[in-house]
Amino acid sequence: MNNTENHHHNIDHRKVIQDAIVRRSYKRKIVNRVFTGVTIVCVMLAMIPLGSILFEVVKNGISAISIEFLTQPQGSIIRGGGGVGPAIQGTLLTVGYASLIGVPIGILAGVYLSEYAGNSKFAYTVRFFNSVMTGMPSIVIGIVGYIVLVITIGSFNITAGAVALSIIMIPIVVAVTEETLKLVPNSVREAAHSLGIPKWKVTLFITLRSAKNGVLTGIVLAVSRVAGETAPLIMTILGTSLFFQGFISPVDALPLRIWRFASQPYEHAHSFGWGAALVLIIMILSLSVLLRFLVLERGFKQGSLVKM
Amino acid sequence: MTRLLDLGIDRIRNSIMDMAKLSEKSVTTAIESYEKGTSTKKVIFEWSEQLRVLQDEVGDLAIELIARYQPVATDLRFIRSCMEIAYGFSRFGRYAYDIVDVLETMGSIADCDKNAVLEMSCTVREMIRISVQALQSKDKNAAEKLYQMDDTVDALYRKYLREAITPHEKTDKRSFDPRCYISALLILRYLERISDHACYIGDSVHYIVTGTSSPRR
Amino acid sequence: MSWMSSKEYTNTISYKLSSLSDTKRHGYKVSVKNLNSWFGSKQALKDINFDVKENTVTALIGPSGCGKTTLIRCLNRMNEMTSSAIVKGSVYLDDIDIYASNVDPVIIKRRMGMVFQKPNPFPTMSIYDNVAAGLKLNGIRNKALIREIVEESLKGSVLWDEVKDELGRPGLSLSGGQQQRLCIARALAMQPEVLLMDEPTSALDPIASAKIEELMNELRKELTVIIVTHNMQQAARVSDYTAFMYLGELVEYGPTKQIFENPQKELTERYISGKFG
Ligand SMILES: Nc1ncnc2c1ncn2[C@@H]1O[C@H](COP(=O)(O)OP(=O)(O)OP(=O)(O)O)[C@@H](O)[C@H]1O
Ligand SMILES: [Mg+2]
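Residues numbered from 1 in each chain as written. Chains lettered and ligands numbered in written order. Predicted model: local features only at pLDDT ≥ 70, side-chain atom pairs only at ≥ 80, totals over all residues. Heavy atoms only, no water.

Colleague: Honestly, the packing of aromatic side chains in this entry has me stumped. Any pointers?
Modeller: Aromatic ring pairs are described here by two measures, namely the spacing of the ring centres and the angle between the planes. All names here are of chain A. Within this structure, the stated rule accounts for 16 aromatic pairs over all chains. Ring plane angle 80 degrees and centroid distance 4.9 Å describe the contact between Phe69 and Phe272, whose orientation is recorded as edge-to-face. A residue pair is termed long-range when its members are at least 10 positions apart, and Phe69 in helix H2 (residues 67–71) and Phe272 in helix H12 (residues 267–296) qualify at 203 residues. Of the two residues, Phe69 and Phe272, both sit in the buried class. Connected via pairs of aromatic rings, a cluster forms that spans Phe69, Phe261 and Phe272. Positioned above the aromatic ring of Phe261 is the side chain of Arg257, whose terminal nitrogen or guanidinium carbon lies 5.9 Å from the ring centre. (Phe/Tyr/Trp six-rings, centres within 6.5 Å; stacked < 30°, edge-to-face > 60°. Helix = DSSP H or I, 4+ residues; strand = E, 2+ residues; numbered from the N terminus. Buried < 20%, exposed > 50% of the residue type's maximum accessible area, 1.4 Å probe, protein only. Lys NZ or Arg CZ within 6 Å of the ring centre and 35° of its normal.)

Colleague: Even after reading the chapter, I still don't get the interface of chain B and chain C, so can you show me in this structure?
Modeller: Interface extent is often summarised as the accessible area lost during association of the parts. Listed per partner, the contact involves 12 residues of chain B and 10 residues of chain C. In total, about 880 Å² of surface goes out of reach between chain B and chain C, with carbon and sulfur atoms giving 46% of it. When the buried surface of chain B facing chain C is broken down by residue, Arg3, Val72 and Ala73 of chain B rank first, second and third, together holding 50% of it. At the surface where chain B touches chain C, the tally comes to one salt bridge. (Contact = heavy atoms within 4.5 Å. Buried area = accessible area lost by both parts, 1.4 Å probe. Salt bridge = Lys/Arg side-chain N within 4 Å of Asp/Glu carboxyl O.)

Colleague: Whenever I open this one, the nonpolar core confuses me. Can you help?
Modeller: General note: in soluble globular proteins, nonpolar side chains tend to be found buried as a group. Counting residues in each nonpolar core, the largest one holds 92 residues, and the members touching the most others are Ile48, Leu71, Leu75, Phe122 and Leu154 of chain C. For this core, the leading source of residues is helix H6 (residues 158–183) of chain A, giving 10 residues. Not counting residues within four places of it along the chain, the set of residues in contact with Leu154 of chain C comprises Ile127, Val131, Leu159, Trp160, Val163, Leu167, Leu182 and Ala185 of chain C. Counting residues in each nonpolar core, the second largest holds 68 residues, with Met106, Ile109, Tyr190 and Val205 of chain B among its members. (Core = buried A, V, L, I, M, F, W, Y, C linked by side-chain atoms within 4.5 Å.)

Colleague: For this particular structure, what's the right way to read the sheet that holds strand S7 (residues 194–198) of chain C?
Modeller: The pairing of strands in a sheet happens through backbone hydrogen bonds and is either parallel or antiparallel. Residue and element names in this part refer to chain C. Taking strand neighbours across the sheet as the criterion, the six strands line up as S6-S7-S8-S3-S9-S10 in an open arrangement whose pairing is mixed. Edge positions in the open sheet fall to strand S6 (112–115) and strand S10 (249–255), since each of these has one partner strand only. Neighbour-to-neighbour, the strand axes of this sheet turn through a mean angle of 15 degrees, independent of strand direction. Here strand S3 (residues 57–61) runs beside strand S8 (residues 224–228); their pairing, made up of four bridges, is parallel. For Ala59, the partnering residue across the bridge sits in S8 and is Ile227. Taken strand by strand, helix H7 (residues 176–189) contacts S6 and S7, and its axis lies near 170 degrees from that of S6. (Pairing = 2+ DSSP bridges. Axes fitted to C-alpha atoms, helices over the stretch in contact; angles between N-to-C directions.)

Colleague: Please clarify how the interface of chain C and chain A should be interpreted in this entry.
Modeller: Contacts between the two partners involve 28 residues from chain C and, on the opposite side, 21 residues from chain A. The junction of chain C with chain A conceals about 2,100 Å² of combined surface from both sides, 67% of it contributed by carbon and sulfur atoms. Put simply, chain C and chain A have one salt bridge between them. Our enumeration of links across chain C and chain A arrives at six residue pairs in polar contact (both at pLDDT 80 or more). For the side of chain C that touches chain A, the residue count by class is 15 nonpolar, eight polar and five charged. (Polar contact = N/O pair within 3.5 Å; in protein donor to acceptor, adjacent residues only side chain to side chain. Nonpolar A, V, L, I, M, F, W, Y, C, P; charged D, E, K, R; others polar.)

Colleague: Can you walk me through the packing of helix H2 (residues 41–69) of chain B against helix H3 (residues 73–106) of chain B in this structure?
Modeller: In a packed pair of helices, the relevant descriptors are the angle between the two axes and the axis-to-axis distance. All names here are of chain B. Put simply, H2 and H3 touch, their axes get as near as 9 Å, and they point 165 degrees apart. Classed by the angle they form, the pair H2 and H3 counts as roughly antiparallel. As H2 packs across H3, the resulting crossing turns out to be left-handed. Across the contact of H2 with H3, the residue classes break down as 16 nonpolar, five polar and four charged. (Parallel < 35°, antiparallel > 145°, perpendicular 65-115°, else oblique. Left-handed = near helix turned anticlockwise from the far one by under 90°.)

Colleague: Mind showing me how you'd approach the pattern of salt bridges here?
Modeller: Where side chains of opposite charge bring their charged atoms close, a pairing between them can arise. As enumerated under the stated definition, the model contains 37 salt bridges over all chains in all. Between Glu193 of chain C and Lys29 of chain C there is a salt bridge, with the nearest N and O atoms lying 2.8 Å from each other. With Glu193 of chain C in the loop between H7 and S7 and Lys29 of chain C in strand S1 (residues 28–39), the pair connects residues that are 164 residues apart, well separated along the chain. Taken together, the shared-partner salt bridges in this structure form one network comprising Arg3, Asp6 and Asp75 of chain B together with Glu269 and Lys275 of chain C.

Colleague: Got a minute to help me understand the site of ligand 1 in this structure?
Modeller: Residues and elements named next belong to chain C. Lining the immediate surroundings of ligand 1 are 15 residues, of which Ser64, Lys68, Thr69, Thr70 and His230 lie closest. For ligand 1, an oxygen atom lies 3.2 Å from a polar atom in the backbone of Cys66. Within the backbone of Gly67, an N or O atom sits 2.9 Å from an oxygen atom of ligand 1. Within the complex, the protein chains bury 66% of what would otherwise be the 630 Å² of accessible surface of ligand 1. Top contributing element to the shell around ligand 1 by residue count: helix H2 (residues 68–74), with three residues. Across the shell around ligand 1, the residue classes tally to three nonpolar, nine polar and three charged. (Near = heavy atom within 4 Å. Areas by Shrake-Rupley, 256 points an atom, 1.4 Å probe, with all protein chains shown as cover.)

Colleague: Would you take a moment to explain helix H5 (residues 142–165) of chain B for this structure?
Modeller: Because the α-helix completes a turn every 3.6 residues, residues three or four places apart line up on one side. Residues and elements named next belong to chain B. In this model H5 runs 35 Å from its N-terminal to its C-terminal C-alpha over 24 residues, within 8% of the 34 Å that 1.5 Å per residue would give. Restricting attention to buried positions, one finds in H5 the residues Ala142, Ala143, Leu146, Tyr147, Met149, Asp150, Val153, Asp154, Leu156, Tyr157 and Tyr160. Turning to H5, the residues buried within the fold contact helix H4 (115–137) and helix H7 (178–210). (Expected span 1.5 Å × (residues − 1).)

Colleague: What exactly am I supposed to notice about the arrangement of the chains here?
Modeller: The protein chains that touch form two pairs of chains, and the pair with the most contacts between them is chains A and C. Without any contact between them, chain A and chain B keep their closest C-alpha atoms 10 Å apart.

Colleague: What exactly am I supposed to notice about the side chain of Ser114 of chain A here?
Modeller: All names here are of chain A. Turning to its location among the elements, Ser114 is positioned in helix H3 (residues 85–117). Under the relative-accessibility criterion, Ser114 is labelled buried at 16%. Residues in contact with Ser114, not counting those within four places in the same chain, are Glu178, Leu181, Lys182 and Arg189.

Here it is, written out as structure tokens:
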């Protein structure tokens, strides 16, 4: 072995690299600053719409909010008065109902894709259709709900609305569940299996639990998304000025109510519209905040493996 | 690449080879002293001291290598054996000194019959040579040969011992002088011990090579 | 150390195992017969044969990629969880061929605990739950008993003193070495008969490693330990028997003293004394 030659080589290399570093260092500092500046500008551009929407909604809606507004059904269309009580109740019921259907199906389907299906053709097909479903226009889903559940039952009803919303939720929950489960390292599954725990228990109580935060985030995402849906609700629950009447009767919902208020020519209706929009935003925001504080932040800060 | 351990093993091997040469020289010189009546006590004492120092060195080095490199298998067996072999060589030096010490104590024994000692010393020197040679060439079969030679040495020793205690007609002046018997007996005794240690060296070589102790041991 | 004193638990488990007889095959706890394994078309294990006595520690050594992990994972049917893996041959636990078609791999894993190369505590669980998880998910309901076993296991893995006041902390908030001991406690809690450890100390500092080594010496009294290690001195220290593997083959297997003092194969000698490559 030619040690001395090798040594010389190394010294030459070191010199070349050090020279390059010195030459570049000034330029690098400038590029660094410019790049940081650009990212900050982009963040601000992204925040402006969000901020201005919140600002507008709060500014115009806050005056409409009152106990009566939150609890009473709508008064006279022409003179105003009353509130959006049925719409709030309807949104809570419809979305809750939809979640009861969509969340378990979505999670279990996601679990199947991640833990059981592997790379089979079937799994591939399911994933493909799932992503198609994610992009499906919600009005189309509303029409399907109308044909399948409204016409057969004979009237607009909450069940049709909940099913339609759950169809929107499922692909989101499936995709998020599968992705977060895949982020759980295999070593965790192996550790569980090595304790002689049956596979279904490993999946439910170890793997899914490790992915808990990601899955919950996905659920909140899906719930927020459907809570603001309007089109499928027009086709299924129709909207009404009455409180909940039963599972096969029409119910009201905030997005529907906002849409109705907005299309009326009266000033007080517009003000109610802003108020309803504010209520809807607060509901969705508080759901996210609730998730963050009650679930994500509690106890397992360091322990949470998959956070989105 | 050279293993770091190999550097240390080379050093141990060098020290051992130095000891081999020095101890062989000591024994040869002591025998010559006996044969020719020359006085070598001082130089042999020095050599024997040197061997003792070298033995300590080998021991220290062996411990250091074990502590620092955790040698295994052949390396470990070699290092362990080096400690034993170094002890053997230092014994050679010690017995050489004992031999010249006897000569000093006895005074002139020029007229004694020296054949028994010279005969045995031939075999013993050959045994030393074979043991050193075995160490150099990692010859596991040397032990067997050394033990055979040791048998003849033992036989010679016992024969002379028996002769010495048998009452003689006191005509032969040489046999009559007690210094002749005593010095010869003592020296034969030392030679017999050297022969044993040569066998142990053969054993060690056998152990280094095969990992098992030699059959005669 | 008396970490395995829970009679009640042992009874609970053993009734489930009652179909599995207790007699031993030729007195060996684990017997590997003609074991071959492939990943796709690549053969990772070639005709492995060896027997492990009960209450011994056996070390698997060999250069990286020689198949140690694959072998140890074949011993509790963990390897078949890798989708491309194929296993042929037999592994006997006592007198049961664990690869026989009527054997439930879940039960085998319950009897043979495993500690992995990288610490892998359950991420969203506390220290306590990590150790208790195996018990709870295997249907043990008795809270007091679980508590007792958790404490014993954590003491068994020499972690108890460091965590006894904060069992509610997330398992992942421990240091790497503590996490590994947590994983050992988790395996011990299931009261396994055989403990398989894949380089359990590769992420640990010398003190923690020494603790694990002492632990193995204690464990030997109660169970059978098979350990993969890259640290030959460690193999020499902790094991009674050592197996040297090379390119998927078992080159030499014998008492540790013999392997390290007087290996019979040239290849073994060259590997253990660092004359490789
Ligand atoms: N999942 C896998 N897919 C394909 N090949 C694999 C897989 N796991 C291991 N192998 C191959 O099998 C062989 C043995 O691997 P194994 O992990 O058992 O080695 P090892 O002895 O444990 O190595 P190390 O000491 O580095 O952990 C290697 O050649 C490796 O590339
Ligand atoms: Mg490995």
